[in-house]
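# Fold and geometry: a report
Listed here are the chains, written in short residue letters.
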Amino acid sequence: MDGTIGEIRMFGGTFAPAGWMLCQGQQLSLSDYQALYTIIGTTYGGDGQTSFLLPNISSRSVVGAGQGTGLSNYILGQVSGTEGVTLLQSQLPAHTHTPTIQTETVTPAATVTLSGTNTGGNGTTPAGSLYGTDNNLPLYATPGSATPVAMAANAVTINSFAGPLPTVTVGVAGSSLPHNNIQPYTAVNFIICVLGIYPSRN
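Going by the annotation in an unreviewed UniProt entry, the name recorded for the chain is Microcystin dependent MdpB family protein, with Filimonas zeae given as the source organism.

A few words on the sheet that holds strand 1 (residues 8–11). One open sheet holds the 3 strands; their spatial order is 1-15-2, and the pairing between them is antiparallel. Each end of this open sheet is capped by a strand with a single partner; those strands are strand 1 and strand 2 (20–22). Shown here is a sheet whose adjacent strand axes are inclined to one another by a mean of 35 degrees, direction ignored. Looking at chain direction, strand 2 and strand 15 (residues 189–193) are connected through 3 bridges and run antiparallel. Paired with Met21 across the bridge in strand 15 is Ile192.

This next bit is on the pattern of salt bridges. Tallied over the entire structure, the rule returns 1 salt bridge. The closest approach of N and O atoms between Glu7 and Arg9, which form a salt bridge, is 2.5 Å.

Moving on: the pairing of strand 15. Extensive coverage of strand 15 is indicated by the burial of 4 of its 5 residues. Across 4 bridges, the pairing between strand 1 and strand 15 is antiparallel. Note that in strand 15 the partner of Met10 across the bridge is Phe190.

Moving on: the layout of surface pockets. Considering only enclosed or pocket space, the largest pocket measures out at about 1400 Å³ in volume. Taken together, 41 residues make up the lining of the largest pocket; nearest its centre are Ile57, Ser59, Arg60, Ser61 and Val62. Among the elements of the structure, strand 1 and strand 15 are those that each provide at least two residues to the lining of the largest pocket. Of the voids in this model, the second largest pocket is the one considered here, and its volume is about 210 Å³. Around the second largest pocket sit 14 residues that line it, and Leu87, Ala173, Gly174, Ser175 and Ser176 are the ones nearest its centre. Of the residues in the lining of the second largest pocket, the class split is 8 nonpolar, 6 polar and no charged.

Reading the values: the criteria
- Residues numbered from 1 in each chain as written.
- Predicted model: local features only at pLDDT ≥ 70, side-chain atom pairs only at ≥ 80, totals over all residues.
- Heavy atoms only, no water.
- Pairing = 2+ DSSP bridges.
- Helix = DSSP H or I, 4+ residues; strand = E, 2+ residues; numbered from the N terminus.
- Axes fitted to C-alpha atoms, helices over the stretch in contact; angles between N-to-C directions.
- Salt bridge = Lys/Arg side-chain N within 4 Å of Asp/Glu carboxyl O.
- Buried < 20%, exposed > 50% of the residue type's maximum accessible area, 1.4 Å probe, protein only.
- 1 Å grid on protein atoms, 1.4 Å probe; cavity = no way out; pocket = protein on both sides within 12 Å on 5 of 7 lines; lining within 4 Å.
- Points joined across faces, edges and corners; volume = space filled by probe spheres on them.
- Nonpolar A, V, L, I, M, F, W, Y, C, P; charged D, E, K, R; others polar.

In structure tokens form, the structure reads like this:
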């Protein structure tokens with residue numbers, strides 16, 4: 001199959017025709033393929049003294065070298081990209097997670113201290129109960145059907161309050177696994193002409 005040395009074609013076969021090789025990064029002897037070396041040199045690897053490498057297009061997409069308008073610049077032989085990508089937190093859109101709130105059914109408990117005295121104040125003495133004073137003001141209320149007596153603000157002290165606090169849990173989502181980063185594809189072979197017509201420069 002005639003070709004120009006250094007030319008790369010897509011080929012649907014499972015082998016490379018005579019004068020061609022698969023583009024799989026093979027190392028070639030410079031002395032055996034001098035013409036090809038003068039065209040591609042060590043663009044795709046090799047020491048440039050005794051050997052050089054063919055381009056390796058196995059499991060890779062091909063992009064045109066150079067820089068299109070508003071696009072990135074790609075140098076001939078440049079290799080980049082990855083098949084799988086793990087997104088970072090900074091790359092995710094802003095979002096929220098729904099919290100789960102769990103409340104306890106245990107009844108809260110407290111210690112209550114009631115200040116009282118059996119010394120009469122300046123009000124009606126409650127029957128069968130204590131009657132306290134605070135600056136001569138009633139402290140304690142009457143029980144049963146008796147007339148209520150107001151209590152002063154500091155008559156009752158509540159401390160040591162202990163109640164269960166609700167538990168708020170935000171569930172963890174995701175496994176930090178990479179996602180596939182390649183477009184739909186069909187695999188074919190790429191071949192390069194190693195023996196053929198030497199290209200002339202304009």
